[in-house]
Amino acid sequence: MKKLHKLIIQSYIGPFVLTFAIAMVFLILQFLWKYVDDLMGKGLSISIIAELLLYASANLVPMALPLAILLSSIMTFGNLGESSELTAMKSAGLSLLKIMRPLIIFTFLLSIAAFLFANYTWPVANLKFKSLLFDIQEKKPTLSLKEKMFYTDIPGYSIRVGKKYPNGTDFDNLLIYDNSAQNYFYKRDIVAEKGSMKNNEEESYMQLHLYNGKIYQELDPGIAKSTNQPFQRIYFKEGILTFDLSSLRLQRTSAELYQGHYEMLNMQQLAKISDSLKYAAAERLKENSQEIKNRFLVFRYKDTAVINQTKDVLRYRELDSIKQKYALNEALNQASSILQTVNWHREEYEARIQNIARHDIEWHRKITIPFACFVLFFVGAPLGAIIRKGGMGAPIVVSTVLFIFYYILSISGEKMAKSYVLSPFTGMWLSAIILVPVAAWLTYSSNNDSKLFDNDFYINLFRKIKLKK
C-alpha cells in the first residue's frame with residue numbers, strides 16, 4: 001500500500017470512529033428517554049439493563065453508520081482541503097477519484113459488512129430486543145411503599161403506611177386490606193402500630209413483621225349483605241404476614257414467540273414467506289371472486305320470478321304490486337348483503353397486501369442501508385473537498401442537514417410503501433434514487449474544481465454583474 005493511501009485511510013479512521021461513537025451515544029440516550037417510564041421503578045438488575053442496551057445498540061447501528069460515514073467523509077476531505085494537502089495531491093496529477101480510491105474500497109468493504117450485519121445479526125438482535133423489552137414492560141414495579149398511599153400491585157392486598165423510615169424497611173401505622181385467594185370469602189382488615197419488611201435473597205416472597213395490631217375478620221361468609229354479620233376482633237403483639245412476590249419478578253418470555261415477525265427474519269426467510277403470502281392472497285382473491293359471482297347468479301322470490309336475469313325481467317312485471325314490493329325488498333336485502341361481503345373481502349385482501357408489503361419492505365431494507373452508506377460517502381467526500389473546512393463546525397452543520405434530508409426521504413418512502421401508495425421497491429429506494437444523481441453531480445463538480453462554496457467566486461461574479469449594469 002502506498003504511503004499516500006495509508007495517510008488518507010488514517011485521516012479517515014479517526015473521524016469515523018469518533019462520529020460513529022458519538023452517534024451511537026446520542027441514539028442510545030434517545031432510546032433511554034423514550035423508554036424511561038418502562039424502566040424506572042422496576043428494580044431491574046444491571047445485567048438486564050446492559051443486555052437491553054446491547055440489543056438496542058445493535059438496532060441503532062443501521063441509523064448511526066450512514067451518519068458516521070457522511071460526517072467523517074466531509075471532515076476528512078474538509079481537513080485535507082483546509083490544510084492544502086488536497087491541492088498538493090491534485091498538483092501532483094492525482095484526480096479526486098484517485099485520491100478517494102482507498103476510501104472507496106474501505107467504504108465498499110464496510111457496506112458489505114453492513115449488509116451481513118443487517119441480514120444476519122440485526123434480525124437476531126431485533127428478536128432479543130423485542131422479547132426482552134416486552135417482558136420489562138409487562139413487569140410490575142418493585143415493592144415500594146409510600147407514605148399515606150395504597151400499594152395494590154401485590155394481588156389480593158392493599159397496603160397503606162402512615163410513616164416510612166429512611167431505611168425503607170420500617171413503618172408506622174399500617175393498614176392492610178386482605179382480599180387474597182385464601183381469604184376471598186372473608187373480609188379481613190389488619191391494623192398495626194409498627195411494621196418491618198424483610199425479603200428473601202431471591203425476592204420470591206416478603207415477610208412483613210407487624211407489632212401491636214388488630215385483625216378485624218368476618219366469621220360467617222355465607223351470610224350475604226346482612227346487617228348482623230358475626231365478626232371477630234383479634235389483638236396481637238407480634239405477627240408475620242407473608243406475601244408472594246413472584247408476580248413482581250421479571251418473567252422471561254421465550255423468544256420463539258416472536259420468530260415469525262418480519263423484523264426478525266433474514267432475506268432468505270423474508271423472500272420465502274413473501275412468496276407464500278402472495279400465493280395465499282391470490283388464491284383467496286379467486287375464492288372471493290367466485291363467491292361473489294355465485295351470489296350474483298340467481299336468487300328467487302318464492303319461485304315466482306327471477307329478477308336479476310335479463311330474460312326473466314318481463315315475468316317480474318307480470319306480478320301484482322304487492323309481490324313486486326316484496327320482490328324489490330328481497331332484491332335490496334340481497335344487494336346490501338352482497339355489498340357487505342364485498343367490503344369485508346376487500347378489507348381482508350388489503351390487510352394481506354399490507355402484510356406482504358411489510359415483508360418486502362424489510363427485504364429491501366437489508367440492501368438499502370448498506371447501499372446508502374456507499375452513496376453517502378460519495379456525497380460527503382466531494383462535498384468536503386468543495387467546502388474545504390475541517391473540524392467539527394461546518395462539516396457537522398452540512399452533514400446534519402444532508403442526513404435529515406436522507407432520513408426524511410427514507411421515512412416518507414417507507415410510510416408510502418406500507419400504505420401501498422408506492423410499491424415496496426420504489427418506497428424503499430426513493431432516497432437512493434434521489435441521492436445517486438446528487439452524489440454523481442457533487443463528485444463531478446469536485447473533480448473539476450467546482451467553486452460551488454467559494455465566497456470569492458460569488459463576490460467577483462456579483463461585481464461583474466454590477467459593472468455590466
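Let me sum up the structure you'll find in this document. These numbers come from a predicted model, not from an experiment.

Observations concerning the overall build of the chain
- A count of helical and extended segments in the chain gives 12 helices and seven strands.
- Counting across all 469 residues of the chain, residues that qualify as buried make up 38%.
- Once local pairs closer than 6 in sequence are excluded, the contacts in the chain between residues at least 24 apart make up 68%.

Examining helix 11 (residues 430-447)
- Look at helix 11: 26 Å from first C-alpha to last across 18 residues, which is about the 26 Å you get at 1.5 Å a residue.
- Turning to helix 11, its buried residues are L430, S431, A432, L435, A439, L442, T443, S445 and S446.

Re the packing of aromatic side chains
- For the structure shown, the criterion picks out 14 aromatic pairs.
- Here Y12 and F377 contribute two aromatic rings whose centre-to-centre distance is 6.3 Å and whose plane-to-plane angle is 90 degrees, an arrangement assigned as edge-to-face. Of this pair, Y12 sits in helix 1 (residues 3-34) while F377 sits in helix 8 (residues 321-387); the two residues are 365 residues apart in sequence, bridging distant segments of the chain. A single burial state applies to Y12 and to F377, both of which are buried.
- Where F150 meets Y177, the ring centres are 5.8 Å apart and the plane angle is 25 degrees; that geometry is what we call stacked. With F150 in the loop between helix 5 (96-138) and strand 1 (157-164) and Y177 in strand 2 (residues 170-178), this residue pair connects regions lying 27 residues apart in the sequence.
- When its relative accessible area of 32% is taken as the criterion, Y177 is described as partly exposed.

A closer look at the pattern of salt bridges
- Tallying each qualifying case throughout the model produces 10 salt bridges.
- R352 serves as the salt-bridge partner of E348, at 3.7 Å between the closest nitrogen and oxygen. With E348 and R352 both in helix 8, this residue pair falls four residues apart, about one helical turn.
- When its relative accessible area of 19% is taken as the criterion, E348 is described as buried.
- With a relative accessible area of 29%, R352 lands in the partly exposed category.
- Because the salt bridges share partners, they merge into one network encompassing R284, E287, E348 and R352.

What to know about the nonpolar core
- By size, the foremost hydrophobic cluster in this structure holds 37 residues, and its most contacted members are I69, F77, M100 and F377.
- If one sorts the elements of this core by residue count, helix 8 sits on top with 12 residues.
- The contact partners of F377, leaving out residues within four places of it in the chain, are Y12, I69, S73, M100, L103, I104, T107 and P382.
- Core analysis: the next-biggest nonpolar cluster, separate from the first, contains 19 residues, Y151, I154, I176 and L208 among them.

As for the environment of M267
- Tracing the backbone shows M267 in helix 6 (residues 267-297).
- Sequence-distant contacts of M267, that is, excluding residues within four places in its chain, are made with F115, N119, W363, K366 and I367.

Cut-offs used in this document
- Residues numbered from 1 in each chain as written.
- Predicted model: local features only at pLDDT ≥ 70, side-chain atom pairs only at ≥ 80, totals over all residues.
- Heavy atoms only, no water.
- Helix = DSSP H or I, 4+ residues; strand = E, 2+ residues; numbered from the N terminus.
- Buried < 20%, exposed > 50% of the residue type's maximum accessible area, 1.4 Å probe, protein only.
- Contact = heavy atoms within 4.5 Å.
- Expected span 1.5 Å × (residues − 1).
- Phe/Tyr/Trp six-rings, centres within 6.5 Å; stacked < 30°, edge-to-face > 60°.
- Salt bridge = Lys/Arg side-chain N within 4 Å of Asp/Glu carboxyl O.
- Core = buried A, V, L, I, M, F, W, Y, C linked by side-chain atoms within 4.5 Å.

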